[in-house]
Amino acid sequence: GCGAGRFLRQPKKEQEKKVKAWLLWAVTSAEQEMQGAPGRLKLRRVYDMFVQRFPAVAMAVSFDTFSQWVDDALTEMRKMLVENKAAAELVKGE
């Protein structure tokens, strides 16, 4: 059935790793750039950047999957900010 075609288009593990590493940068950058903006606007900004940077992956994954990746990247970013005060101040613009 059509499930196989969808599966074949799924991003490869190494491609997914590359996207997730890039997302960490993208969410940090959106956070810095759009301080005080609602989360959904930041998500939209990151998604637009993602579609431009990884069009093939964007076609292969659902928005729900993408949102989950962003949540993971935000969790990772918050962990890094806790561990690194200088980075936290940079993102907050202090």
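Residues numbered from 1 in each chain as written. Predicted model: local features only at pLDDT ≥ 70, side-chain atom pairs only at ≥ 80, totals over all residues. Heavy atoms only, no water.

Draft legend 1. Summary view of the overall build of the protein. Scanning the protein for helices and strands turns up six helices and zero strands. Along its sequence from the N terminus, the protein presents helices and strands in the succession α-α-α-α-α-α. Here the protein displays about 6,400 Å² of accessible surface, and carbon together with sulfur accounts for 57% of that area. (Helix = DSSP H or I, 4+ residues; strand = E, 2+ residues; numbered from the N terminus. Areas by Shrake-Rupley, 256 points an atom, 1.4 Å probe, with all protein chains shown as cover.)

Draft legend 2. Highlighting the pattern of salt bridges. If you walk through the whole model with that rule in mind, you get six salt bridges. A network of salt bridges, in which partner residues are shared, links Lys-13, Glu-16 and Lys-20. (Salt bridge = Lys/Arg side-chain N within 4 Å of Asp/Glu carboxyl O.)

Draft legend 3. Structural detail: helix 3 (residues 39-53). Between the first and last C-alpha of helix 3 there are 21 Å, a value that for 15 residues agrees with the 21 Å anticipated at 1.5 Å per step. Those residues of helix 3 not exposed but buried are Lys-42, Leu-43, Val-46, Tyr-47, Met-49 and Phe-50. Here the buried residues of helix 3 occupy an arc of 165° about the axis, which is enough to place them on one side. Exposed and oriented more than 90 degrees from the buried face of helix 3 are Arg-40 and Gln-52. Residues of helix 3 that are buried in the fold lie against helix 2 (13-33), helix 4 (55-60) and helix 5 (63-83). (Expected span 1.5 Å × (residues − 1). Buried < 20%, exposed > 50% of the residue type's maximum accessible area, 1.4 Å probe, protein only. Arc of directions from axis to C-beta. Contact = heavy atoms within 4.5 Å.)

Draft legend 4. Up close: the side chain of Lys-42. Locating Lys-42 in the fold gives a position in helix 3. Aside from chain neighbours lying at most four places away, what touches Lys-42 is Ala-30, Glu-31, Met-34, Gly-36 and Ala-37.

Draft legend 5. Region of the structure containing the packing of helix 2 against helix 3. Taken N-terminus to C-terminus, the directions of helix 2 and helix 3 make an angle of 140°; their axes are 10 Å apart at the nearest point. Our classification of the angle between helix 2 and helix 3 gives oblique. The hand of the helix 2/helix 3 crossing is right-handed. Judged by residue contacts, Val-19, Trp-22, Leu-23, Trp-25, Ala-26, Val-27, Ser-29, Ala-30, Glu-31 and Glu-33 of helix 2 engage Lys-42, Arg-45, Val-46, Met-49, Phe-50 and Arg-53 from helix 3. (Axes fitted to C-alpha atoms, helices over the stretch in contact; angles between N-to-C directions. Parallel < 35°, antiparallel > 145°, perpendicular 65-115°, else oblique. Left-handed = near helix turned anticlockwise from the far one by under 90°.)

Draft legend 6. Molecular detail of the environment of Met-77. Relative to the helices and strands, Met-77 resides in helix 5. For the pair formed by Met-77 and Leu-23, sequence separation is 54 residues and the distance between their alpha carbons is 9.9 Å. Sequence-distant contacts of Met-77, defined by excluding residues within four places in its chain, comprise Leu-24, Val-27, Thr-28 and Glu-31.

Draft legend 7. Geometry of the confidence of the model for the protein. When pLDDT is averaged across the protein, the result is 83; 83% of the residues are at 70 or more. Scored below 50 in pLDDT, residues 1-5 makes zero contacts in the model with residues more than four places away or belonging to other chains. (pLDDT = per-residue confidence, 0-100.)

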